[in-house]
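Here's the letter readout for the chains.
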Amino acid sequence: MENNIRKAVVEDLPYIKEIYNDAVRTSTATFDITEKGDDFFRTMFDEHSGKRIFYVYEKDNKAVAYVTLSKFSHRDAYDTTVELSVYVNKDYRHQHIATELMEFAINFAKECNDIYTIVSLITDENKESIHLHKKYGFRFCGKIQKAGVKFNRDLNVDIYQLIF
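The sections below set out a description of the structure shown in this document.

Cut-offs applied
Within each chain, residues carry numbers counting from 1 in the order of the written sequence. Per-residue local features of the predicted model are confined to residues with pLDDT of at least 70, and side-chain atom pairs are confined, for both listing and counting, to 80 or more; whole-chain, interface and lining totals are unaffected and use all residues. To get the side-chain values, take all heavy atoms of the structure and skip hydrogens and water. Residue types Ala, Val, Leu, Ile, Met, Phe, Trp, Tyr and Cys, when buried and joined through side-chain atoms within 4.5 Å, form a set referred to as a nonpolar core. A simple rule labels every residue: compare its accessible area, found with a 1.4 Å probe on the protein chains alone, to the largest value its type can have, and call it buried under 20%, exposed over 50%, or partly exposed in between. Secondary structure is summarised from DSSP: a helix means a run of H or I of at least four residues, a strand means a run of E of at least two, and numbering begins at the N terminus for each. A strand pair is defined by DSSP finding two or more bridges across the two strands. Axis lines are fitted to C-alpha atoms, over the contacting stretch for helices. Their N-to-C directions set the angle, which ranges from 0 to 180 degrees. Contacts were defined at the residue level, with two residues in contact if any of their heavy atoms lie within 4.5 Å.

**Structural notes on the nonpolar core**
No. 1: Judged by nonpolar contacts, the single largest core of 29 residues is most densely connected at Leu69, Leu84, Ile97, Ile118 and Phe138.
No. 2: Among the elements of the structure, strand E2 (54–59), strand E3 (62–71), strand E4 (81–88), helix H3 (97–111), strand E5 (117–123), helix H4 (127–135) and strand E7 (153–163) are those that each provide at least two residues to this core.
No. 3: Looking at which element gives the most residues to this core, the answer is H3, with seven residues.
No. 4: Within the second largest apolar cluster, 15 residues are counted, among which are Ile19, Ala23, Val56 and Tyr66.

See the structure below:
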């Protein structure tokens, strides 16, 4: 279980890029429309330290999924809030990897004295993610109607939060 979860290293970035860009091309899990390049992922890697974590799930000698707790906003008063993101390689879904990563991130945040809230922004059609968040006690706290357009469709975003 947690033996497969480890801190991301620079060598993981090509796998992370592949996982994320597949989501860009095929899903509404991200609102990015164009694939991201190496510089984007290096910057993302560099921005995650301390309570802003970047961990991977390793299987078959490669990173097949990742979880981040990211800065929610650049405004200082939000420093006690982090945004949770989990992405899993399409070939490794439905193996409870997202569940393990989410549990790991929540436990990490609970042990952090300066994280009070985890927020997730989830496309309202992503029922699996919503179910997983509810399983861990996240509560629905709002909906942004027509938050974005992807694949020529208007998309709504549900906001879920877990407060410690």
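**Topic: the sheet that holds E3**
No. 1: Taken in spatial order, the seven strands line up as E1-E2-E3-E4-E5-E7-E6 in an open sheet, and their pairing is mixed. The open sheet has two edge strands with one neighbour each: strand E1 (5–7) and strand E6 (139–150). On average, each strand axis in the sheet is tilted by 30 degrees relative to the strand beside it, whichever way the strands run.
No. 2: Across seven bridges, E5 lies against E7 in antiparallel orientation. Counterpart to Leu121 in the pairing with E7 is Ile159.
No. 3: Relative to E3, H3 is tilted by about 35 degrees, and along the sheet it contacts E1, E2, E3, E4, E5 and E7.
No. 4: Seen against the sheet, H4 touches E4, E5 and E7 and runs at an angle of roughly 160 degrees to E5.

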